[in-house]
Amino acid sequence: MTGLSRRTFGKLLLGTAAVTAPMSFVRNGWAAGKEIQIGIWGGAQGEFVKKQIIPAFEKDFDCKVTPEEGFTLANVGKMRATKDNPKFSVMFIDDVAIPICKEEGLIAELPKADMPALANLYPRFGFDGWGTAVAISVAGLFYNTSVTPPASYAELWDSKYAGKLKLVSPKNTPSVFFLIVAAAVKSGKPLPEAQYLVDDAFDKVAELKPNILNLFDNGPQAANEVAQGQADIGLLELSKYIYPATAKGAPVNMSFPKEGSFAGNNCQVLVKGGPNQDLAVAFMNRMIEPSVQKPLSEFALTAPPVAGVEFSDETLKYLAYPVEEMDARGLFTPDWGFINSKRSEWTEKLNGIFAV
Amino acid sequence: MTEGVSPLLKFVVAIILLIVVAPLVVPILMSISDTPFIVFPPQGFTLDWYGEVLANSEARDSFLFSLKLAAVVTLIALLLGVPCAAGLTRYRLPGGDAVLGLILSPLIVPLIVIGVALLQLFSLLGSRATFMQLVIGHTVVCLPYVIRAVSASFVLIDSRLTDAAAVLGAPPHVVAARVIWPQVRPGVLAGAIFSFIVSFDDYPISMWLADGNNFPVPLYLYTVIERSFDPSIAAIASLMIFFALLLVIVIEKVFGISLARLAS
């Protein structure tokens with residue numbers, strides 16, 4: 001017998017545990033036992049978030065994060081349906097939806113003081129404090145490697161492509177990119193100016209119809225069909241859906257014509273009034289930390305929205321990174337505030353042109 | 001059995017079978033392709049994609065979850081649907097037609113609308129019980145199938161048999177068990193099969209109500225297609241076809257009800 005009382009032994013045990021516990025566990029004690037629900041994407045990004053990022057975050061914060069895979073429109077719909085009693089705390093959506101969510105009061109402004117990782121965020125991906133990008137894709141053409149892709153979007157209207165093109169469905173966001181391209185080809189103006197001229201470009205859109213084999217709404221499936229030679233070229237799609245097939249050795253690749261290409265910004269927003277906002281903010285901060293961004297980018301083949309991440313040359317083949325490279329490629333983010341006000345009207349016109 | 005069937009009928013049935021069955025063969029062939037992407041006709045031969053799917057814990061969990069969900073939903077739909085069908089067909093109830101219309105309305109209203117409405121309702125109630133939400137949502141959708149199938153059986157009951165049994169002194173529970181049940185059993189079984197398959201295949205309701213811990217197979221398939229379009233997707237589709245086939249064979253063997261009778 002050592003003469004050590006049970007109470008003293010207990011204190012000693014607790015003290016030892018506190019000293020030897022990982023510092024992160026002690027530092028994040030406030031989060032212990034808390035739970036949040038987040039809406040994420042499917043696809044490679046969703047897979048990585050679910051299998052890698054969330055388990056590590058749960059371990060560090062001793063909390064529970066329940067992900068729900070979806071896509072932008074569905075995620076916005078879920079925020080709307082649960083607005084009076086929010087179920088989600090963080091939602092992943094594309095940049096196109098941020099102005100809508102802000103206007104409808106679905107999201108909250110980010111508390112910058114609680115997000116130290118914002119220091120590395122490129123300003124263009126900050127959305128005035130109403131969200132951050134977490135992954136940047138490039139939208140362009142994808143083609144079967146047995147054909148030479150056009151140097152200019154204007155060539156797509158050539159009759160040599162009759163029945164050889166796949167066009168993105170009007171219900172997908174990249175269909176807006178296509179309309180801007182049509183306006184740029186018709187007007188000869190650069191993409192940033194052409195986006196305001198789409199209303200006058202639907203005759204040009206209709207002229208492309210003989211060259212369109214069919215419409216697609218699933219990027220990976222369309223990439224597979226182009227790889228099999230069902231069509232020569234697909235327009236337009238985000239690199240995150242095409243490059244995984246390229247990296248696997250499928251005969252499909254992306255090309256970015258001289259007029260420029262589009263940024264597909266996958267973002268995260270803080271749901272207004274969602275449960276456990278402090279934990280939600282900590283999760284959002286984790287998402288843009290370089291230690292998370294590097295493996296996420298390498299897995300999903302998307303570019304980080306933060307500075308200072310190092311990649312191998314092999315990975316950089318698929319990414320427009322850093323920000324100087326985005327600018328060199330003419331990576332363009334449309335004026336979503338303007339486009340959202342026109343989107344339904346444009347979608348209706350597109351449906352009218354391409355309906356069987 | 002088929003001696004009296006006209007050649008024209010045989011030809012039409014063969015064409016219909018070809019149209020229905022031929023598309024099911026395509027994913028099975030694509031699933032054995034030894035290429036990193038889906039290709040038809042298949043190139044090479046491998047069963048590795050099946051191994052990959054079966055070893056994938058996410059796929060397994062989703063499959064088992066869908067089985068559990070469909071089983072619970074089918075049980076509840078039968079518990080609610082059989083008495084409801086019996087009541088609506090055997091008795092003239094005030095407002096019976098309105099009740100029937102209400103119950104069958106999920107067949108008319110787009111499921112995606114029902115899903116978002118349920119999400120809104122559960123949110124207002126403050127419910128976080130995802131499994132229960134899915135069970136309720138799927139039951140709403142499956143109930144019409146049970147009621148339609150079971151109602152048809154009740155309508156076709158030969159009342160002379162029940163009358164004869166009662167006249168001969170059989171108490172009501174014996175009449176129910178030995179006269180009525182054998183006549184409605186095919187309808188109940190058909191309703192159960194419909195209910196199970198509708199729940200197992202449902203996407204629009206689950207899309208709104210599911211979460212990462214309660215993730216049915218159709219949602220999983222959608223996410224896999226978004227991740228990469230490789231032959232593992234064809235392998236999952238093939239496994240689902242084999243599963244449906246197995247289900248039909250088991251039912252045929254265990255319950256001894258011919259497909260022809262189910263279809264009647």
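## A word on the overall build of chain A
Stage number 1. Tallying secondary structure elements over chain A gives 15 helices and 11 strands in all.
Stage number 2. Structurally, chain A occupies a C-alpha span of about 95 × 45 × 35 Å along its principal axes.
Stage number 3. The burial tally for chain A puts 47% of its 356 residues in the buried class.
Stage number 4. Here the analysis covers contacts within chain A between residues at least 6 apart in sequence; of these, 74% occur between residues at least 24 apart.

## Remarks on the overall build of chain B
Stage number 1. In terms of helices and strands, chain B carries 12 helices and 0 strands.
Stage number 2. Each helix and strand of chain B, placed in order from N terminus to C terminus, yields the pattern α-α-α-α-α-α-α-α-α-α-α-α.
Stage number 3. Over its C-alpha atoms, taken along the principal directions, chain B stretches across nearly 70 × 60 × 30 Å.
Stage number 4. Evaluated residue by residue, chain B yields a buried proportion of 33% over its 264 residues.
Stage number 5. Within chain B, residue pairs in contact and separated by at least 24 positions form 74% of the contacts whose partners lie at least 6 positions apart.

## Some thoughts on helix H10 (residues 239-247) of chain A
Residue and element names in this part refer to chain A.
Stage number 1. Most of H10 is tucked away: 8 of the 9 residues are buried.
Stage number 2. Restricting attention to buried positions, one finds in H10 the residues Ser239, Lys240, Tyr241, Ile242, Tyr243, Pro244, Ala245 and Thr246.
Stage number 3. Elements that come into contact with the buried residues of H10 comprise helix H3 (43-61), strand E5 (132-144), helix H9 (219-227), strand E8 (233-238), strand E9 (252-255) and helix H12 (290-300).
Stage number 4. One or two steps after H10, the chain reaches Gly249, where phi turns positive at roughly 100°.

## Brief notes about the environment of Glu47 of chain A
Stage number 1. Summarising the element assignment, Glu47 of chain A is placed in helix H3.
Stage number 2. Separated by 252 residues in sequence, Glu47 of chain A and Phe299 of chain A place their C-alpha atoms 9.4 Å apart.

## Some points on the interface of chain A and chain B
Stage number 1. Across the contact, 31 residues belong to chain A and 24 residues belong to chain B.
Stage number 2. Sorting the residues of the side of chain A that touches chain B by element identifies H3, strand E2 (64-70), helix H4 (72-81), H9 and H10 of chain A as the ones contributing at least two each.
Stage number 3. Per-class residue counts for the side of chain A that touches chain B are 10 nonpolar, 13 polar and 8 charged.

## A few points about helix H5 (residues 111-125) of chain B
Stage number 1. Between its first and last C-alpha atoms H5 of chain B spans 21 Å; for 15 residues at 1.5 Å apiece the expected length is 21 Å, and the two agree.
Stage number 2. All of the buried residues along H5 of chain B are Leu111, Gly115, Val116, Leu119 and Phe122 of chain B. One face of H5 of chain B carries all of its buried residues, which in axial projection span an arc of 135°. Exposed side of H5 of chain B, more than 90 degrees from the buried face: Val113, Leu124 and Leu125 of chain B are the residues found there.
Stage number 3. The inward-facing, buried residues of H5 of chain B abut H4 of chain A together with helix H6 (130-155) and helix H9 (204-209) of chain B.
Stage number 4. One or two residues past the end of H5 of chain B sits Gly126 of chain B, with phi positive at roughly 75°.

## A few points about the nonpolar core
Stage number 1. Counting residues in hydrophobic clusters, the biggest one holds 160 residues, and the most contacted among them are Val90, Ile180, Ala223 and Phe283 of chain A.
Stage number 2. Ranked by the residues each element gives to this core, the list is headed by H6 of chain B, at 11 residues.
Stage number 3. Those residues in contact with Val90 of chain A that lie beyond four places of it in its chain are Ile36, Ile38, Gln268, Leu270, Val271, Ala280, Phe283 and Met284 of chain A.

## Some points on the pairing of E9 of chain A
All names here are of chain A.
Stage number 1. Burial of the side chains of E9 is restricted to one face: Val252 and Met254 are buried, whereas none of Asn253 and Ser255 on the reverse face is.
Stage number 2. Direction of pairing for E5 relative to E9: antiparallel, over a ladder of 4 bridges. Within E9, the residue paired with Leu141 across the bridge is Ser255.

## Observations regarding the domain arrangement of chain A
Residues and elements named next belong to chain A.
Stage number 1. Each assigned domain of chain A is listed here: domain 1 (6-136 + 265-328) and domain 2 (137-263 + 331-354).
Stage number 2. Domain 1 and domain 2 are separated by 30 Å when their C-alpha centres are compared.
Stage number 3. Among the residues making up the side of domain 1 that touches domain 2, the classes are represented as 11 nonpolar, 4 polar and 3 charged.

## Points about the packing of helix H7 (residues 159-167) of chain B against helix H8 (residues 172-201) of chain B
Residues and elements named next belong to chain B.
Stage number 1. Between H7 and H8, whose axes approach to 10 Å, the crossing angle comes to 145°. Crossing of H7 against H8: the hand is right-handed. Between H7, through Leu161, Thr162, Ala165 and Ala166, and H8, the contact on the second element is made entirely by Val175, Val179 and Ile180.
Stage number 2. Among the residues making up the contact of H7 with H8, the classes are represented as 6 nonpolar, 1 polar and no charged.

## Some words on unusual backbone geometry
Stage number 1. The omega torsion of the bond from Leu235 of chain A to Leu236 of chain A falls at -25°, within 30 degrees of zero and hence cis.
Stage number 2. Secondary-structure assignment places Leu236 of chain A in strand E8.
Stage number 3. Between Phe40 of chain B and the following residue, Pro41 of chain B, the backbone shows a cis peptide bond with an omega angle of 0°.
Stage number 4. With respect to the helices, strands and loops of the structure, Pro41 of chain B is situated in the loop between helix H1 (7-30) and helix H2 (48-55).
Stage number 5. In this model, Phe127 of chain A sits at a positive phi of 50°, which is unusual for a non-glycine residue.
Stage number 6. Examined against the element boundaries, Phe127 of chain A turns out to sit in the loop between strand E4 (107-108) and E5.
Stage number 7. Phi is positive for Asp128 of chain A, close to 55°, though the residue is something other than glycine.

## Observations concerning the confidence of the model for chain A
Stage number 1. For chain A, the mean per-residue pLDDT works out to 89, and 92% of the residues sit at or above 70.
Stage number 2. No element of chain A has a lower mean pLDDT than helix H1 (residues 6-20) of chain A, at 48, and none a higher one than E4 of chain A, at 97.

## Observations concerning the pairing of E8 of chain A
Residue and element names in this part refer to chain A.
Stage number 1. The element E8 is extensively covered by neighbouring structure, given that 6 of its 6 residues are classed as buried.
Stage number 2. As paired strands, E5 and E8 are joined by 4 bridges and run antiparallel to one another. Its bridge partner lying in E8, Tyr143 is registered against Ile233.
Stage number 3. Two elements, strand E6 (residues 165-168) and E8, share 3 bridges in a ladder whose sense is parallel. Looking at E8, one finds that Leu165 is bridged to Ile233.

## Topic: the packing of H5 of chain B against H6 of chain B
Helix packing for two helices is described by the angle between their axes and how far apart those axes are.
All names here are of chain B.
Stage number 1. Interhelical geometry of H5 versus H6 gives an angle of 145° and a closest axis separation of 11 Å. Where H5 crosses over H6, the handedness of that crossing is right-handed. Contact with H5, carried on its side by Leu111, Ile114, Gly115, Leu118 and Phe122, involves Gln133, Gly137, Val140 and Val141 of H6 and no other residues of that element.
Stage number 2. Residue classes in the contact of H5 with H6 are distributed as 6 nonpolar, 3 polar and no charged.

What counts, and where the lines are drawn
Residues numbered from 1 in each chain as written. Chains lettered and ligands numbered in written order. Predicted model: local features only at pLDDT ≥ 70, side-chain atom pairs only at ≥ 80, totals over all residues. Helix = DSSP H or I, 4+ residues; strand = E, 2+ residues; numbered from the N terminus. Buried ≥ 20, exposed ≤ 12 C-beta atoms within 10 Å, placed from the backbone. Contact = placed C-beta atoms within 7 Å. Nonpolar A, V, L, I, M, F, W, Y, C, P; charged D, E, K, R; others polar. Expected span 1.5 Å × (residues − 1). Arc of directions from axis to C-beta. Core = buried A, V, L, I, M, F, W, Y, C linked by C-beta atoms within 7 Å. Pairing = 2+ DSSP bridges. Domains from an automatic or database assignment. Axes fitted to C-alpha atoms, helices over the stretch in contact; angles between N-to-C directions. Left-handed = near helix turned anticlockwise from the far one by under 90°. pLDDT = per-residue confidence, 0-100.

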